[in-house]
Every structure is written in structure tokens, then in C-alpha cells.
Amino acid sequence: AFRQRAAILDTNVARVLLRIFVGTGDPKAHAMKKHLWAVSEAMVPRTQVFDFNQALMDFGAMVCTARAPQCDACPMAKGCRSYPFTGGRT
């Protein structure tokens with residue numbers, strides 16, 4: 001926002017971060033939200049923040065979807081903590 005470096009955590013981003021970095025859990029739980037905010041903040045690049053955040057939201061909306069994640073097409077599948085066990089679903 002306002003050309004400032006800032007993390008985001010909408011529903012799509014929370015799902016992506018949970019699946020890739022945590023594996024399982026309730027993204028709506030207070031402790032999990034706090035953890036996911038910390039992950040999001042750690043990931044924000046120093047430049048092109050808007051593009052990064054938009055790409056993360058789009059990735060959650062189009063690839064790492066809630067009901068039918070496209071894990072086979074996902075460039076993050078190899079390192080995803082959810083993929084080997086649940087096919088990406090949490």
C-alpha cells in the first residue's frame with residue numbers, strides 16, 4: 001500500500017502459505033493466523049512488492065485453490081508440505 005513494503009494475508013494467501021510452509025492446521029485459528037502473518041512478512045521482497053503480493057493472491061486463486069488444487073501443475077509441489085500427504089488439500 002502507498003508504495004510501502006507490506007505483507008498480505010487474504011484467504012488465498014493464507015491457504016498457500018499454510019499448505020507450502022506448514023502442512024496442516026486451521027488457517028482461521030488465532031495462533032495459526034499469527035504464524036502465517038509472520039511467514040508472509042518474512043517473504044515480502046524489498047522491491048516489486050505489489051507484483052509479488054498480486055502474484056501470490058493469483059496463485060492461490062488459480063493454482064492452489066481451496067476445492068481442486070492443481071498440484072500436478074504447481075511449481076511449488078516439490079517443496080510443499082501438504083502435497084505428498086494430501087495432494088495439496090488442507
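Here, every reference points to the structure presented above.
Position numbers for residues count from 1 along each chain, tracking the sequence in the order it is written. Where local features are concerned, this predicted model is filtered to residues with pLDDT of at least 70; where side-chain atom pairs are given and counted, the filter is 80 or more; whole-chain, interface and lining totals use all residues. Where side-chain values are given, they derive from all heavy atoms of the structure, hydrogens and water being excluded.

Peer 1: Would you explain the side chain of Arg19 in this entry?
Peer 2: On the secondary structure map, Arg19 appears in helix 1 (residues 11-22). One buried charged residue, Arg19, remains without a salt bridge, the closest side chain of opposite sign being Asp26 at 12 Å. Each helix is a run of DSSP H or I of at least 4 residues and each strand a run of E of at least 2, with the numbering of both proceeding from the N terminus. Exposure is judged per residue with a 1.4 Å probe applied to protein chains only, and the accessible area is read against the type maximum: over 50% gives exposed, under 20% gives buried, and values in between give partly exposed. Only four residue types enter the charge count: Lys and Arg as positive, Asp and Glu as negative, with His and the chain ends excluded. Each salt bridge in this description consists of a side-chain nitrogen of Lys or Arg and a carboxyl oxygen of Asp or Glu lying within 4 Å of one another.

Peer 1: It is not clear to me how helix 1 should be interpreted in this structure. Could you clarify?
Peer 2: Residue pairs spaced three or four apart in an α-helix point in one direction, given the helix's 3.6 residues per turn. Expected span, for any helix, means 1.5 Å times one less than how many residues it has. Taking 1.5 Å of rise per residue, twelve residues should cover 16 Å, and helix 1 covers 15 Å from first to last C-alpha, within 8% of that figure. When helix 1 is considered as a whole, its buried residues turn out to be Val13, Ala14, Arg15, Val16, Leu17, Leu18, Arg19 and Ile20. Positive backbone phi, at 115°, marks Gly23, one or two positions downstream of helix 1.

Peer 1: Would you mind going over the side chain of Asn53 with me for this structure?
Peer 2: Structurally, Asn53 can be placed in helix 3 (residues 49-62). Given a relative accessible area of 8%, Asn53 falls into the buried group. Contacts are residue-level and defined by heavy atoms, with any inter-residue pair within 4.5 Å sufficient. The contact partners of Asn53, leaving out residues within four places of it in the chain, are Ala6 and Ile8.

Peer 1: Would you mind going over the packing of helix 1 against helix 3 with me for this structure?
Peer 2: Packed helices, taken two at a time, are described by the angle their axes make and the gap between the axes. Following both chains from N to C, one finds helix 1 and helix 3 inclined at 80°, their axes separated by 8 Å at the closest point. Accordingly, the angle class assigned to the pair helix 1 and helix 3 is roughly perpendicular. Every residue of helix 3 that contacts helix 1 at Asn12, Val13, Arg15, Val16 and Ile20 is listed here: Leu56, Met57, Phe59, Gly60 and Ala61. For this classification, the nonpolar set comprises Ala, Val, Leu, Ile, Met, Phe, Trp, Tyr, Cys and Pro, the charged set comprises Asp, Glu, Lys and Arg, and every other residue, Gly included, is treated as polar. Broken down by class, the residue content of the contact of helix 1 with helix 3 amounts to seven nonpolar, two polar and one charged. Between N-to-C directions, angles cover 0 to 180 degrees, with each direction set by a line fitted to C-alpha atoms, over the stretch in contact for helices. Here the word oblique covers every angle except those under 35 degrees (roughly parallel), over 145 (roughly antiparallel) and from 65 to 115 (roughly perpendicular).

Read these as spatial facts, not as claims about activity.
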